[in-house]
Amino acid sequence: MRCLSILGACVLTVASVPHRAHAGDDHSEWFIVLPLRFTQLQSEATMLSGVKVGRSLAPAFSVALSIYHSFYLSAFKAKASLDGFSEQPRLFINGAGVEAAYRLYTDGALAFDAQLFVGWVFVDYDLDAHAFTAAKVHYLALEPAVAAKYRFASKAISLGLGYRPVLTERAVRYDSDLGAGTIPIERGLPDGLTVLLSLEASL
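To start, this report covers the structure provided alongside it. Residue positions within a chain follow its written sequence, with the count starting from 1. In keeping with the model being predicted, local features are shown solely for residues with a pLDDT of at least 70 and side-chain atom pairs are shown and tallied solely at 80 or more, while totals for entire chains, interfaces and linings include all residues. Note that water and hydrogens are dropped before the side-chain values are worked out from all heavy atoms of the structure.

1. Quick look at the overall build of the protein chain
Consideration 1: The helix and strand labels rest on DSSP assignments: H or I over at least four residues marks a helix, E over at least two residues marks a strand, and numbering proceeds from the N terminus. Summing up its helical and strand segments, the protein chain has 1 helix and 11 strands in all.
Consideration 2: The N-to-C order of helical and strand elements in the protein chain reads α-β-β-β-β-β-β-β-β-β-β-β.
Consideration 3: Looking at the protein chain residue by residue over its 203 residues, the buried ones come to 41%.
Consideration 4: Working rule for contacts: check all heavy atoms of both residues, and any pair within 4.5 Å makes them a contact. Summarising the internal contacts of the protein chain: among those between residues at least 6 apart in sequence, 62% fall at separations of at least 24.
Consideration 5: Total accessible area on the protein chain is roughly 10,900 Å²; 63% of this is exposed by carbon and sulfur atoms. The rule is simple: take the accessible area with a 1.4 Å probe, protein chains only, and divide by the maximum for that residue type; under 20% is buried, over 50% is exposed, in between is partly exposed. Here the accessible surface of atoms and residues is derived via Shrake-Rupley with a 1.4 Å probe, and residues count as covered only by protein chains that are part of the display.

2. Regarding the pattern of salt bridges
Consideration 1: Every case where a carboxyl oxygen of Asp or Glu lies within 4 Å of a side-chain nitrogen of Lys or Arg is listed as a salt bridge. Under the criterion given, the structure shown has 10 salt bridges.
Consideration 2: Among the ionic pairs, Arg37 bridges to Glu99, the shortest N-O distance being 3.6 Å. Linking Arg37 in strand S1 (residues 30-41) with Glu99 in strand S4 (residues 90-107), this pair joins segments that are 62 residues apart in sequence.
Consideration 3: Taking relative accessible area as the criterion, Glu99 reaches 7% and is therefore assigned buried.

3. Some details on unusual backbone geometry
Consideration 1: For the bond running from Leu189 to Pro190, omega is 10°, close enough to zero to count as cis.
Consideration 2: Inspection of the secondary structure assignment puts Pro190 in the loop between strand S10 (181-183) and strand S11 (193-202).
Consideration 3: Positive phi is not limited to glycine here, since Ser43 has a value of about 65°.
Consideration 4: By the secondary structure assignment, Ser43 is in the loop between S1 and strand S2 (44-58).
Consideration 5: Relative accessible area serves as the criterion here: at 48%, Ser43 is assigned to the partly exposed category.
Consideration 6: A positive phi angle is found at Ala153, which is not glycine, with a value near 55°.
Consideration 7: Along the chain, Ala153 falls in the loop between strand S7 (137-152) and strand S8 (155-163).
Consideration 8: For Ala153, a relative accessible area of 72% gives the class exposed.

Don't take any of this as a statement about function, it's just geometry.
Below you can see the structure in the form of structure tokens.
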């Protein structure tokens with residue numbers, strides 16, 4: 001988390017530099033985004049929600065602080081497959097970092113962006129039964145994506161495709177009244193493939 005604090009301070013320092021408006025800019029310098037990530041994790045489809053707040057530093061480049069986590073409903077969390085459990089633990093993922101976007105193409109209200117999330121992520125499993133506990137696995141997250149964005153008034157909606165590789169070989173260690181063990185983190189495709197759906201508004 002100390003690394004994320006340093007990254008956040010760097011972004012805010014850069015964002016505080018006065019920015020001159022450019023001819024043709026049709027949006028505010030500051031923006032907020034509510035993204036949904038429909039991601040294949042542990043060989044199951046799951047959903048991540050979050051928020052990011054950022055600033056346009058140039059007509060074609062923006063940077064934001066981004067936080068995301070597993071959606072609250074259990075149905076949107078990948079479940080484990082442990083023998084003897086009447087109810088299976090569910091995967092929980094939480095990430096925070098810096099997200100940059102570069103405008104590749106613009107045609108009127110339609111644009112295509114290349115995006116990159118760089119940050120820190122942890123995963124573990126939750127279960128309110130069998131005295132279940134699990135240790136978090138932390139790792140560096142790099143998530144490139146390409147998104148199509150349609151702008152209307154001071155808002156925009158985007159749809160994209162990304163990939164979030166698991167950059168760790170560690171497994172999630174757990175303990176319970178049925179015994180202890182490990183749950184491997186799946187690393188092969190299609191795990192990590194992500195469909196991005198976002199709503200953006202100017203601040």
